[in-house]
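Letter by letter, the chains look like this.
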Amino acid sequence: MATDHDATAPAESPVRILLPQVLPALVVGIGSALLFLGVSKLAEELQSVLWETLPDALDIGPYSSLWVITVLTATGVAVGLVIWKMPGHAGPDPASEGLGGPPMAPGVVPGLLIASMLALAGGVSLGPEQPTIASAIALAVWLGLRAAPGVPGAFWVSLATAGTFGALFGTPVAAALVLSEALVGRPGQGSLWDRLFAPLVAAGAGAMTTQLLSDPSFAMGLPPLTDPGWEDLLAALVVAALGALFGLLGCWAFPHLHRAFGRLRHPMVMLPVGGLVLGLLGALGGQLTLFKGLHETEELVASIGEYSSGELAKLAVVKLAALLVAAACGFRGGRVFPAVFIGAAFGLVAQALVPEIHPAVAVSSAVLGVLLATTRQGWVSLFVAAVIASSPAMLSLLCLATLPAWLIVTGRPQLELDHQGRALR
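Residues numbered from 1 in each chain as written. Predicted model: local features only at pLDDT ≥ 70, side-chain atom pairs only at ≥ 80, totals over all residues. Heavy atoms only, no water.

## Digging into the nonpolar core
Point 1. Judged by nonpolar contacts, the single largest core of 139 residues is most densely connected at Trp156, Leu278, Phe331 and Val384.
Point 2. At 13 residues, the largest contribution of residues to this core is made by helix H12 (residues 309-329). (Core = buried A, V, L, I, M, F, W, Y, C linked by side-chain atoms within 4.5 Å. Buried < 20%, exposed > 50% of the residue type's maximum accessible area, 1.4 Å probe, protein only. Helix = DSSP H or I, 4+ residues; strand = E, 2+ residues; numbered from the N terminus.)

Below is the structure:
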């Protein structure tokens, strides 16, 4: 592993620096994937109990309005208790946390993972990415500094981030794109690929672990676009820009919602009230607007033509509102997966209004625009949109569609706040 050298010492061979990084990268990558898979599996088992076993035993419709409101309110109470009583209060306010960040104390990790698991199982409109990445970073830094005290903590942070991204998306490509973006302008020794070497090993290990133990897929079954024309390019440019504007509406509303919930002060008030509001939104929007949104996106895309433009618009608006409420009131979770559903629903609105737009163009372009607005992660947004499209011919359209959408979102409020509650730009 790389260490500091005397300026007068001869330069060490890059191979001799990089090879010792392989083993720790493999360990962290596999460990990050197992952490993600473990939390996901426990959440799925609890979800089955809450939404299948219990309503069957009580002879209640599992997605009836009464049950949706009851479960989400109870989830707010349970998560509120975890945040109130667990050491570290399940981590910092998620409204001010992006993907990654400085490592937490390891004692915070159990509370954060339990809060995230309860939210995932209870139907809260947040994904697993932010808590899992934060937990993997905390554990990797804590264990890494004990195993190799001379290695900088940033090394372990990069491995945990990359390993978890690889596990989440089932491929190391997303991790490479995220880290390339993060490393731009940062000082460091060696070429970009030297600096990416160990994180890519971790990402590959995380991705392979997920592929061996699970079945990760962002493919939504969209009909492929094989021969794009000028009309497809125009549609991609317009839909991506409109999706970005729709996502920005949420970014502008987010600080106001966060301040409103902040006035409630105590987690045992904020979270139950937030859960109740989410329950009401879930009763309004139906089953598709619950949970993190990836499986629901697949269901939505599989039913192209079955929903009117008005029904699709309601799904997009309700899911955006649910994401904002969940993130503002203190539930622990990420925003990428719900934003994918929002983008897919918004894209299908465009396709329903203008049937000439190819479904792959409509959905992937809208997902691109919404993700750019809500995450400000350009490479991740492009990657997810391209994977959803499942069509190599779409890549050039999406690259071009990124440009006007980025002009719309850059310098605008983000779906993330600073520690004073002000929107980041």
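## Let's talk about the environment of Leu126
Point 1. Turning to its location among the elements, Leu126 is positioned in the loop between helix H4 (109-122) and helix H5 (129-147).
Point 2. Sequence-wise, Leu126 and Gly293 are 167 residues apart; in three dimensions their C-alpha atoms are separated by 8.0 Å.
Point 3. Once residues lying within four places of it in the same chain are set aside, the contact partners of Leu126 are Leu120, Phe291, Lys292, Leu323, Ala326, Ala327, Phe331, Arg332, Gly333, Gly334 and Pro338. (Contact = heavy atoms within 4.5 Å.)

## Here we look at a nonpolar patch on the surface
Point 1. On the surface, a nonpolar cluster with roughly 580 Å² of combined accessible area is contributed by Leu26, Ile30, Leu34, Met208, Leu212 and Leu213.
Point 2. Relative to the elements of secondary structure, Leu212 occurs in helix H8 (residues 192-213). (Patch = residues over 30% accessible without salt bridge, like charges linked within 9 Å, V, L, I, M, F, W, Y side chains within 5 Å. Areas by Shrake-Rupley, 256 points an atom, 1.4 Å probe, with all protein chains shown as cover. Salt bridge = Lys/Arg side-chain N within 4 Å of Asp/Glu carboxyl O.)

## Let's talk about the packing of aromatic side chains
Point 1. According to the stated counting rule, one finds six aromatic pairs in the structure shown.
Point 2. On the basis of an interplanar angle of 75 degrees and a centroid distance of 5.5 Å, the ring pair of Trp51 and Phe291 is categorised as edge-to-face. Placement of the pair is Trp51 in helix H2 (residues 22-57) and Phe291 in the loop between helix H10 (267-285) and helix H11 (294-302), with a sequence separation of 240 residues. The same class applies to Trp51 as to Phe291, namely buried.
Point 3. Both rings, one in Phe169 and one in Phe383, keep their centres 5.8 Å apart while their planes meet at 90 degrees; by these two values the pair is edge-to-face. Separated by 214 residues along the polypeptide, Phe169 in helix H6 (residues 153-169) and Phe383 in helix H15 (residues 378-389) bring together distant segments of the chain. Summarising the burial analysis for this pair, Phe169 and Phe383 share the class buried.
Point 4. In textbook terms, an aromatic cluster arises when at least three aromatic residues are bridged by ring pairs, as seen for Trp51, Tyr63 and Phe291.
Point 5. Above the ring of Trp84, the side-chain terminus of Lys85 is found at 4.0 Å from the ring centroid. (Phe/Tyr/Trp six-rings, centres within 6.5 Å; stacked < 30°, edge-to-face > 60°. Lys NZ or Arg CZ within 6 Å of the ring centre and 35° of its normal.)

## Thoughts on the packing of H2 against H4
Point 1. Look at H2 against H4: their axes get within 8 Å of each other, and the N-to-C directions meet at 45 degrees. When the axes of H2 and H4 are compared, the pair comes out oblique. Handedness of the crossing formed by H2 with H4: right-handed. Where H2 approaches H4, its residues Leu35, Val39, Leu42, Ala43, Leu46, Gln47, Leu50 and Trp51 are matched on the opposing element by Leu113, Met117, Leu118, Leu120, Ala121 and Gly122.
Point 2. A per-class count over the contact of H2 with H4 returns twelve nonpolar, two polar and no charged. (Axes fitted to C-alpha atoms, helices over the stretch in contact; angles between N-to-C directions. Parallel < 35°, antiparallel > 145°, perpendicular 65-115°, else oblique. Left-handed = near helix turned anticlockwise from the far one by under 90°. Nonpolar A, V, L, I, M, F, W, Y, C, P; charged D, E, K, R; others polar.)

## Here's the deal with the pattern of salt bridges
Point 1. Within this structure, the stated rule accounts for one salt bridge.
Point 2. One salt bridge in this structure joins Glu45 and Lys41, with 3.2 Å as the shortest N-O distance. Linking Glu45 with Lys41, this pair stays in helix H2, spanning four residues, or about one helical turn.
Point 3. Overall, Glu45 belongs to the partly exposed group, its relative accessible area being 44%.
Point 4. Lys41 gets classed as partly exposed once you look at its relative accessible area, which sits at 48%.

## Quick word on the environment of Ser96
Point 1. Structurally, Ser96 can be placed in the loop between helix H3 (65-85) and H4.
Point 2. Remark: the alpha-carbon pair of Ser96 and Ala327, spanning 231 residues in sequence, is separated by 9.6 Å.

## Considerations on the side chain of Ser364
Point 1. Along the chain, Ser364 turns up in helix H14 (residues 359-375).
Point 2. Residue Ser364 is classed as buried on the basis of its relative accessible area of 0%.

## Overview of the packing of H5 against H6
Point 1. Running from N to C, H5 and H6 cross one another at 140 degrees; their axes reach a closest spacing of 8 Å. The two elements H5 and H6 cross, and the hand of that crossing is right-handed. For the pair H5 and H6, contact is made by Glu129, Thr132, Ile133, Ala136, Ile137, Ala140, Val141, Gly144 and Leu145 and by Gly153, Trp156, Val157, Ala160, Thr161, Thr164, Phe165 and Leu168, respectively.
Point 2. Residues belonging to the contact of H5 with H6 are distributed by class as follows: eleven nonpolar, five polar and one charged.

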